[in-house]
Amino acid sequence: MKTEPGRSLKELNTFGVDVNADKLITITTAEELKQALSLPEIKTNRWMVLGGGSNILFTRDFNGTVILNKIKGIEKIKEDDTHIWIKAGSGEVWHELVLWCVNKNYGGIENLSLIPGSTGAGPIQNIGAYGVEIKDVIESVEAIMVEDGSLRVLTNSECLFGYRDSIFKHELKGKCIIVSVVFKLSKNPEVNTSYGAIKQELEKAGIIHPGIKDVSDAVIRIRRSKLPDPSALGNAGSFFKNPEVEKELYEKLKRDNETIPGFIQPSGKIKVPAGWLIEQCGLKGKRVGNTGTHKDQALVIVNYGNASGKEILDFADYVAAQVNSRFGITLEKEVNIV
Ligand code: EPU
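What you are looking at is a predicted structure, and each value in this text was computed from that prediction instead of being measured.

A. How the structure looks around the pattern of salt bridges. If you walk through the whole model with that rule in mind, you get 20 salt bridges. Where lysine 23 meets glutamate 41, a salt bridge forms, and the shortest distance between an N and an O atom there is 2.9 Å. In this pair, lysine 23 sits in strand β2 (residues 20-27) while glutamate 41 sits in helix α2 (residues 40-44), placing the two residues 18 residues apart along the sequence. A residue is classified by how much of its surface remains accessible, and lysine 23, at 24% relative accessible area, is partly exposed. Residue glutamate 41 is classed as buried on the basis of its relative accessible area of 17%.

Written out as structure tokens, the structure reads:
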């Protein structure tokens, strides 16, 4: 366990916002996490856990303790003829875990290649991309309860996964810290190329019978072509969730906006791409000072250099207000604001 007082978090958040924490404690095992949680300051002061810092916007210095999760380890826990169960430490870099599985031909998470962040953050917002969500392959999630340091194992159904949502954003918010995730992966993987962009990318590469490595490579190429690399241009991926609107509102909007995309959900609501709504407001590639929407993906807000978190947040609120006044749709932030 390493403790650093007055530490800058600039390198620890993918927006690259320069804020300080009163104290940074880096933990590398579940035991160290328990020790950190038993410190008196955790009972009395503000604290938070930081993983890959890829879904967070700091708007001011953090007056408290940041616990940086570096719990590592990938192990096979069981297998049968068709499946293998892999347990990964929550501080493992997500994409490194994906590559580890792809190289061993364990299928299920290849569509989630190159998503920034840590493995433990995955279940919290049920990360998803290109037709797959992490919930599709999660067997269970292990978490330490903050109150008494006990270990709780949640089955997939207990996690109450939804679109960018889980129990960890609601009932268990601030009450537990994920230490490991168990995945059930396929030993004879069938690829999921249902998402149009993947199909096109594979066709372009002349691949007729893709394996999971081909799908992973295709996803990496698509993401690199559309989404800015956080190490080159600060960002946290999609800033807002794609809103789900009532059918009546969607049909009304469709009358005035023939091209509005919409995807019917099991609930009967229609999911509308927020990137489209923002683009229609003339805000794709819009820059205000040090921040703006990305030129190729209006849903991604970027830091052109030394933007403060407050500047980025104000811009995001401006974008949401424009969408609301034009379409009557409220955009919900996907990124956590601290
Ligand atoms: N679109 C536009 N203009 C834009 C961006 C998008 O018109 O500037 C429209 C297009 O019609 C496009 C559609 O939006 O066909 C969907 O765009 P895209 O495939 O880029 O996906 P998205 O809905 O914007 C979601 C996830 C991404 C994930 C991709 C691919 C959310 C909030 N975002 O984005 O996840 O990578 O699908 O599956 O659901 C993230 O959560 O941080 C993230 C990057």
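B. Structural detail: the packing of aromatic side chains. Inspection of the entire model under this criterion finds seven aromatic pairs. Measuring from centroid to centroid gives 5.8 Å for tryptophan 94 and phenylalanine 183, while their planes differ by 55°, and the two rings are tilted. Of this pair, tryptophan 94 sits in helix α3 (residues 94-103) while phenylalanine 183 is found in strand β12 (residues 176-186), placing the two residues 89 residues apart along the sequence. The buried category is assigned to phenylalanine 183, whose relative accessible area is 1%. We note lysine 271 situated over the ring of tyrosine 163; from NZ or CZ to the ring centre the distance is 3.3 Å. Sitting over the face of the ring of tyrosine 304, arginine 287 holds its NZ or CZ atom 4.0 Å from the ring centroid.

C. Region of interest: α3. The set of residues buried in α3 consists of Trp94, His95, Leu97, Val98, Cys101 and Val102. The buried residues of α3 all sit within an arc of 155° when viewed along its axis, so they share a single face. Buried residues along α3 sit against β6 (74-79), β7 (83-89), β12 and α6 (212-226). Directly beyond the C-terminal end of α3, a positive phi value near 65° is found at asparagine 105.

D. Representation of the sheet that holds strand β1 (residues 2-8). Strand order across the open sheet formed by four strands is β1-β2-β5-β3, with mixed pairing between neighbours. For this open sheet the edge positions go to β1 and β3 (47-50), each flanked by a neighbour on one side alone. Strand-to-strand twist across the sheet, computed as the mean angle between neighbouring axes with direction ignored, equals 30°. Of the strand pairs in this sheet, β3 and strand β5 (residues 62-69) are connected by four bridges, and their pairing is parallel.

E. How the structure looks around the sheet that holds β12. Taking strand neighbours across the sheet as the criterion, the five strands line up as β6-β7-β12-β10-β11 in an open arrangement whose pairing is antiparallel. The open sheet is flanked by β6 and β11 (151-155), the only strands paired with a single partner. With strand direction ignored, the average angle separating the axes of adjacent strands in the sheet is 25°. Judged from the seven bridges that link them, strand β10 (residues 138-145) and β12 form a sheet pairing that is antiparallel. Looking at β12, one finds that methionine 145 is bridged to cysteine 176. Along the sheet face, α3 touches β6, β7 and β12 and points at about 25° away from the line of β12.

F. How the structure looks around a negative patch on the surface. On the surface, Glu11, Asp18, Asp22 and Asp61 cluster together into a negatively charged patch. Classification of aspartate 18 as exposed rests on a relative accessible area of 54%.

G. Molecular detail of unusual backbone geometry. The phi dihedral of asparagine 126 is positive, around 45°, even though this residue is not glycine. Within the secondary structure layout, asparagine 126 lies in the loop between α4 (121-124) and β8 (128-129). For leucine 160, which is not a glycine, the phi torsion comes out positive at approximately 50°. Topologically, leucine 160 is positioned in the loop between β11 and β12.

H. Geometry of the packing of helix α5 (residues 196-204) against α6. Relative to each other, α5 and α6 sit at 105°, their axes nearing to 9 Å. Compared by their axis directions, α5 and α6 come out roughly perpendicular. Taken together, the residues of α6 that come into contact with α5 (itself represented by Ala197, Ile198, Glu201 and Leu202) are Asp214, Val215, Ala218, Val219, Arg221 and Ile222.

I. Representation of the layout of surface pockets in the model. Considering only enclosed or pocket space, the second largest pocket measures out at about 250 Å³ in volume. Taken together, 15 residues line the second largest pocket, and the ones lying closest to its centre are Asn242, Pro243, Glu244, Val245 and Glu332. Among the residues forming the lining of the second largest pocket, the class breakdown is five nonpolar, four polar and six charged.

Cut-off values and rules
- For every chain, the first residue of its written sequence is number 1, and the numbers climb from 1 along that sequence.
- In keeping with the predicted nature of the model, local features appear solely for residues at pLDDT of at least 70, side-chain atom pairs appear and are counted solely at 80 or more, and the whole-chain, interface and lining totals rest on all residues.
- Just so you know, side-chain values use all the structure's heavy atoms and leave hydrogens and water out.
- For this document, the term salt bridge refers to a Lys or Arg side-chain nitrogen within 4 Å of an Asp or Glu carboxyl oxygen.
- Think of it this way: any DSSP run of H or I at least four residues long counts as a helix, any run of E at least two long counts as a strand, and we number them from the N terminus.
- Burial classes follow relative accessibility: with a 1.4 Å probe on protein chains only, a residue under 20% of its type's maximum area counts as buried, one over 50% as exposed, and anything between as partly exposed.
- Under the pairing criterion, centres of Phe, Tyr and Trp rings, with the six-membered ring standing for Trp, must be within 6.5 Å; the plane angle then separates stacked pairs below 30 degrees from edge-to-face pairs above 60, leaving the rest tilted.
- By definition, being over a ring means that NZ of Lys or CZ of Arg is both within 6 Å of the ring centre and within 35 degrees of the ring normal.
- Of all possible arcs, the one meant is that of the directions from the helix axis to the C-beta atoms.
- Every residue pair with non-hydrogen atoms within 4.5 Å of one another is taken to be in contact.
- Any two strands are treated as partners once DSSP identifies two or more bridges connecting them.
- To define axes, lines are fitted to C-alpha atoms, for helices over the stretch in contact only, and angles between the resulting N-to-C directions are given on a 0 to 180 degree scale.
- Nonpolar side chains (Val, Leu, Ile, Met, Phe, Trp, Tyr) are joined into patches within 5 Å and like charges within 9 Å, using only residues with over 30% relative accessible area and no salt bridge.
- For the accessible areas, the method is Shrake-Rupley and the probe is 1.4 Å, while residue cover comes only from the protein chains on display.
- For this count, His and the chain ends are skipped, Lys and Arg are scored as positive, and Asp and Glu as negative.
- Where a charge lies is defined by one atom per residue type, namely NZ (Lys), CZ (Arg), CG (Asp) and CD (Glu).
- Note on angle classes: values under 35 degrees are labelled roughly parallel, values over 145 roughly antiparallel, values of 65 to 115 roughly perpendicular, and the remainder oblique.
- As defined here, a cavity is a set of points on a 1 Å grid over the protein atoms alone where a 1.4 Å probe fits but cannot get out. A pocket is an open set with protein on both sides within 12 Å along at least five of seven lines, and residues line them when an atom is within 4 Å of a point.
- Grid points are joined across faces, edges and corners, and a volume is the space filled by probe spheres set on the points.
- Here the nonpolar group is Ala, Val, Leu, Ile, Met, Phe, Trp, Tyr, Cys and Pro; Asp, Glu, Lys and Arg are the charged ones; every other residue, Gly included, is treated as polar.

The values are spatial; any link to function lies outside them.
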